[in-house]
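Each chain, letter by letter, is given below.
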Amino acid sequence: MHTTGLLGGTFDPVHNGHLQLAQAVLARSAVDQVLFIPAASPPHKTDSALCPIEHRLEMVRRAISPLPRCAISKQEAFPGRPSYTIDTLLSLRADSHGETTYVFIIGGDAFLEIETWHRWSELLASTDFIVAVRRGSSLEELIDVLDYHGFCPQPETEPGHYRGREGNSVRVLTAPIDDISSTDIRCRIAENKPWQHLVPLPVAEYIDEQRLYRQD
């Protein structure tokens, strides 16, 4: 059975932290591939606040081109249609005809807000998660949330492995991921401050070519 990790987001722009996360998942978990899924219309943001999806898709494509076990999906690349994780997951499962297992990759901070997601209880009960936290971060609040939702630690299998009531699992992955923000990158570009070191070189070149995120 092929296992694919799903890494969603706006990627506005994609940056080194995203790639570090993908590489950590590939190196430390039983995932064969990481699928980047840029969202054209995430429910928590308006279209006008985002760089056009065509640019974000191209930046991700360039960023992952040297990484053989990473790919990109246009599953959520439809402007004007909200991108709900549960819908994407069900669609991918249907297309794979049961030949692929999907695991959702999410940051620790985002997992703490899981109850704000569309059909979150269905998603949490039916999906395996890899929850990535930065090295040095406190895990206390995350563990409390897992316990509240009925996930029990499985020390006999591996550290950071939690099993849910429905048989699904959450694996907490502590990894050296730089604290980088796409919002900060956009502000740096607009204010003519150093930013190129925060993104892969092909992405920096594309941003310069297209003059993205500039006030002019």
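Here the structure is shown first, and the text comes after it.
Presented here is a report on the structure given in the accompanying data block. Note that the structure is a prediction, hence the values are computed from the model and not measured.

Regarding the layout of surface pockets
Here is step 1: Reported here for the largest pocket is a volume of approximately 1600 Å³.
Here is step 2: When residues of the lining of the largest pocket are traced back to their parent elements, those giving at least two are strand S1 (2–9), helix H1 (16–28), helix H3 (85–96), strand S4 (100–107), helix H4 (108–111), strand S5 (128–134), helix H6 (140–148) and helix H7 (182–190).

Focus on the pairing of strand S8 (residues 169–175)
Here is step 1: Most of S8 sits inside the fold, with 5 of its 7 residues counted as buried.
Here is step 2: Relative to S8, S5 runs parallel, the two being bridged by 6 bridges. Bridge pairing in S8 links isoleucine 130 to arginine 171.
Here is step 3: Of the pairings in the sheet, the one linking strand S7 (residues 161–163) to S8 comprises 3 bridges and is antiparallel in character. Across the sheet, tyrosine 162 pairs through a bridge with valine 170, a residue of S8.
Here is step 4: Hairpin remark: S7 followed by S8, antiparallel, with 5 residues in the connecting loop; positive phi at glycine 167, about 95 degrees.

Digging into the packing of helix H2 (residues 53–64) against helix H8 (residues 201–210)
Here is step 1: Between H2 and H8, whose axes approach to 8 Å, the crossing angle comes to 150 degrees. The orientation of H2 relative to H8 falls into the category roughly antiparallel. For the crossing formed where H2 meets H8, the hand is right-handed. Note on element contacts: H8 touches H2 through Pro202, Val203, Tyr206, Ile207, Glu209 and Gln210, opposite His55, Glu58, Met59, Arg62 and Ala63.
Here is step 2: For the contact of H2 with H8, the residue count by class is 6 nonpolar, 2 polar and 3 charged.

Rules used throughout
Residues numbered from 1 in each chain as written. Predicted model: local features only at pLDDT ≥ 70, side-chain atom pairs only at ≥ 80, totals over all residues. Heavy atoms only, no water. 1 Å grid on protein atoms, 1.4 Å probe; cavity = no way out; pocket = protein on both sides within 12 Å on 5 of 7 lines; lining within 4 Å. Points joined across faces, edges and corners; volume = space filled by probe spheres on them. Helix = DSSP H or I, 4+ residues; strand = E, 2+ residues; numbered from the N terminus. Buried < 20%, exposed > 50% of the residue type's maximum accessible area, 1.4 Å probe, protein only. Pairing = 2+ DSSP bridges. Axes fitted to C-alpha atoms, helices over the stretch in contact; angles between N-to-C directions. Parallel < 35°, antiparallel > 145°, perpendicular 65-115°, else oblique. Left-handed = near helix turned anticlockwise from the far one by under 90°. Contact = heavy atoms within 4.5 Å. Nonpolar A, V, L, I, M, F, W, Y, C, P; charged D, E, K, R; others polar.

Coordinates in, geometry out; function isn't part of it.
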